[in-house]
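# Secondary and tertiary structure notes
What follows is the residue order along each chain.
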Amino acid sequence: MKTPTLSDVARAAGVSYATADRVVNARGGVAQKSVEKVQKAVAALGYVRNVAAANLSTQRVYRFAFVIPTESNSFFRHIHALLAQRDLAGRDLRQTIDIVGVEAFEAAALEDALKNLAGAGYDGVAVVGIESRGVAAQLAALQGQGAAVFSFISDLNASERMGYVGIDNTMAGRTAARMVGMAHNGGAGAVQPIVGSLSLRDHQERLAGFRAVLEADFPQIALRAEIIGRDRNDIVEDRLEQALRDAPDISAVYNIGGGSSGIARLFARRPTRPFCVVHDLMPHTRTALEDGLVDVVIDQRPEDEIDRAIELMRAAANRLPLASCLPITLAIYVRDNLPPEASQSFTDIRSLTE
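Residues numbered from 1 in each chain as written. Predicted model: local features only at pLDDT ≥ 70, side-chain atom pairs only at ≥ 80, totals over all residues. Heavy atoms only, no water.

Bringing the nonpolar core into the picture now. In terms of nonpolar packing, the biggest core is built from 25 residues, with Phe66, Ile68, Phe76, Ile79, Leu83, Phe152 and Ile306 touching the most fellow members. Looking at this core, the elements with two or more residues in it are strand 1 (62-69), helix 5 (74-89), strand 4 (148-152) and helix 13 (302-317). In contact with Phe152, not counting residues within four places along its chain, are Phe66, Ile68, Ile79, Ala126, Val127, Val128, Gly129, Val165, Glu305, Ile306 and Ala309. Ranked by size, the runner-up nonpolar core spans 24 residues in total, among them Ile250, Leu266, Val278 and Val294. (Core = buried A, V, L, I, M, F, W, Y, C linked by side-chain atoms within 4.5 Å. Buried < 20%, exposed > 50% of the residue type's maximum accessible area, 1.4 Å probe, protein only. Helix = DSSP H or I, 4+ residues; strand = E, 2+ residues; numbered from the N terminus. Contact = heavy atoms within 4.5 Å.)

Glancing now at the pairing of strand 9 (residues 252-255). Burial along strand 9 is two-sided: the face carrying Ala252 and Tyr254 and the face carrying Val253 and Asn255 are both buried. Relative to strand 9, strand 6 (residues 189-195) runs parallel, the two being bridged by four bridges. Among the inter-strand pairings, Gln192 is bridged to a residue of strand 9, identified as Val253. In terms of strand pairing, strand 9 meets strand 10 (residues 275-279) through three bridges, oriented parallel. Following the sheet pairing, Ala252 is matched in strand 10 by Phe275. For the crossover that starts at strand 9, traverses helix 11 (residues 260-268) and ends in the parallel strand 10, the hand is right-handed. (Pairing = 2+ DSSP bridges. Right-handed = clockwise from strand over helix to strand, strands pointing away.)

Another aspect to go through is the sheet that holds strand 4. With parallel pairing, the five strands of this open sheet are ordered in space as 2-1-3-4-5. In this open sheet, the two edge strands, each paired with only one partner strand, are strand 2 (95-102) and strand 5 (163-165). When strand polarity is set aside, the average angle formed by the axes of neighbouring strands in this sheet is 25 degrees. Taken together, the four bridges between strand 3 (residues 124-127) and strand 4 define a ladder with parallel strand orientation. Opposite Gly124, over in strand 4, you have Ala148 as the bridge partner. In the packing of helix 5 onto the sheet, the strands contacted are strand 1, strand 2 and strand 4, and the crossing angle to strand 2 comes to about 160 degrees. (Axes fitted to C-alpha atoms, helices over the stretch in contact; angles between N-to-C directions.)

Contact pair helix 8 (residues 169-184) / helix 9 (residues 201-217): the axes reach a minimum separation of 7 Å and the direction vectors enclose 40 degrees. The angle between helix 8 and helix 9 places the two elements in the oblique class. Read as a crossing pair, helix 8 and helix 9 show a hand that is right-handed. Contact with helix 8, carried on its side by Asn169, Thr170, Ala172, Gly173, Arg174, Ala176, Ala177, Arg178 and Val180, involves Asp202, Glu205, Arg206, Gly209, Phe210, Ala212, Val213, Leu214 and Asp217 of helix 9 and no other residues of that element. (Parallel < 35°, antiparallel > 145°, perpendicular 65-115°, else oblique. Left-handed = near helix turned anticlockwise from the far one by under 90°.)

Relative orientation of the contacting elements helix 2 (residues 17-24) and helix 3 (residues 32-45) amounts to 80 degrees, with a least axis distance of 10 Å. With respect to helix 3, the axis of helix 2 lies roughly perpendicular. Across the interface between the two elements, Thr19, Ala20, Val23 and Val24 of helix 2 pack against Ser34, Val35, Val38 and Val42 of helix 3. Looking at the contact of helix 2 with helix 3 residue by residue, the class counts come to six nonpolar, two polar and no charged. (Nonpolar A, V, L, I, M, F, W, Y, C, P; charged D, E, K, R; others polar.)

A full pass over the atoms with the stated rule returns four aromatic pairs. Arranged with centres 5.3 Å apart and planes meeting at 80 degrees, the rings of Phe66 and Phe152 form a pair that is edge-to-face. Highlighted residues: Phe66 in strand 1 and Phe152 in strand 4, separated in sequence by 86 residues. Summarising the burial analysis for this pair, Phe66 and Phe152 share the class buried. With a centroid separation of 4.7 Å and an interplanar angle of 20 degrees, the aromatic rings of Phe210 and Tyr254 are classed as stacked. Of this pair, Phe210 sits in helix 9 while Tyr254 is found in strand 9, placing the two residues 44 residues apart along the sequence. Judged by its relative accessible area of 0%, Tyr254 is buried. Directly above the aromatic system of Tyr122 lies the positively charged group of Arg63, at a separation of 4.3 Å from the ring centroid. (Phe/Tyr/Trp six-rings, centres within 6.5 Å; stacked < 30°, edge-to-face > 60°. Lys NZ or Arg CZ within 6 Å of the ring centre and 35° of its normal.)

This structure, assessed with the given rule, holds two cavities of 30 Å³ or more. Taken as a whole, the largest cavity spans an internal volume of roughly 250 Å³. Every residue lining the largest cavity is counted, 28 residues in all, and those nearest its centre are Phe75, Phe76, His203, Asp231 and Asp280. Only helix 5, helix 9 and helix 12 (283-290) provide two or more residues apiece to the lining of the largest cavity. Each residue belonging to the lining of the largest cavity can be placed in one class, and the counts come to ten nonpolar, 13 polar and five charged. In this structure, the second largest cavity occupies an estimated 50 Å³ of space. Considering the residues around the second largest cavity, the lining is formed by Val67, Pro69, Val102, Glu103, Ala104, Phe105, Leu110, Val128, Ile130 and Leu200. Partitioned by chemical class, the residues of the lining of the second largest cavity number nine nonpolar, no polar and one charged. (1 Å grid on protein atoms, 1.4 Å probe; cavity = no way out; pocket = protein on both sides within 12 Å on 5 of 7 lines; lining within 4 Å. Points joined across faces, edges and corners; volume = space filled by probe spheres on them.)

Looking now at the pattern of salt bridges. Throughout the structure, instances matching the rule amount to 14 salt bridges. The closest approach of N and O atoms between Asp217 and Arg178, which form a salt bridge, is 2.8 Å. Taken together, the residues Asp217 in helix 9 and Arg178 in helix 8 connect sequence positions 39 residues apart. Judged by its relative accessible area of 32%, Arg178 is partly exposed. Measuring nitrogen to oxygen at the nearest pair gives 2.7 Å for the salt bridge that ties Glu237 to Arg269. Of this pair, Glu237 sits in helix 10 (residues 233-246) while Arg269 is found in the loop between helix 11 and strand 10, placing the two residues 32 residues apart along the sequence. Assessed through its relative accessible area of 10%, Glu237 is described here as buried. Overlapping salt bridges bring together Glu237, Glu241, Arg265 and Arg269 as one network. (Salt bridge = Lys/Arg side-chain N within 4 Å of Asp/Glu carboxyl O.)

Structure follows, in structure tokens:
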């Protein structure tokens, strides 16, 4: 049997081609009775909308926005650079990417940024989520205007987005705890966790996963109260140094967010150091691994996160079934399995020191 066409749909529905086209491509202006006729004909014939043809006929350009923290640390500088690359490359695919920077950890700033996107006609918005009623309200407004909203890197409540793009942060925390427990080889100890902010779900989930494994499998290792470092090197360095003075029995450090350069600076001037797990393979964490200043880096593969977010927003804009929103598979690096530097896509490695 031949593939059904839009003309076949129009004929089966008893409407004009133009009416069928408006219904299939969601252009509005069609009576509900005719909409139902076309929908029934689509289902009966198994018609599949030709997205490429529809976009060509309308000269459509997809508009996506990524609402992410400003370039305050190396990880988000890298994210900004990758998105700028994808924006240039996407011009041939008739898509643009706007990067909206907001102050990290500030719900009010995120709420204002989302409010400013209202009415701009974005097809998709990816946002590093902060849990807040105001943020939830602005996300709902964007979805009401037709934007496909996805949480990116840090998740939101399921009701606030179409899907989540990022690693399983609870799994990342559990993995870090397993590494810490193995390093202690059955012995007792104390772990100092460091978070950027507990307003971010990814930091909450990493800490919860870490705690769960320690309590279940390594009860002899105590978990100290977390340091709030706000992903800043100077704060992390100063507060960790004070913690080590106050509790010289600290045997491990788990840095859940940014600020790892501060840890490396501190450990570089100490004769001994605790076992240390950090996140995100950046030039400074790579160097810290190579120099023996940290032991494990858990990486979330930001290039894959960005590409999947764009893929999902484009599919949602085309009203196509979404590909799997399974978490990105995290990577675990020690000094022995680092990838060749040439394979890392840092735009300017010299500019990405944290």
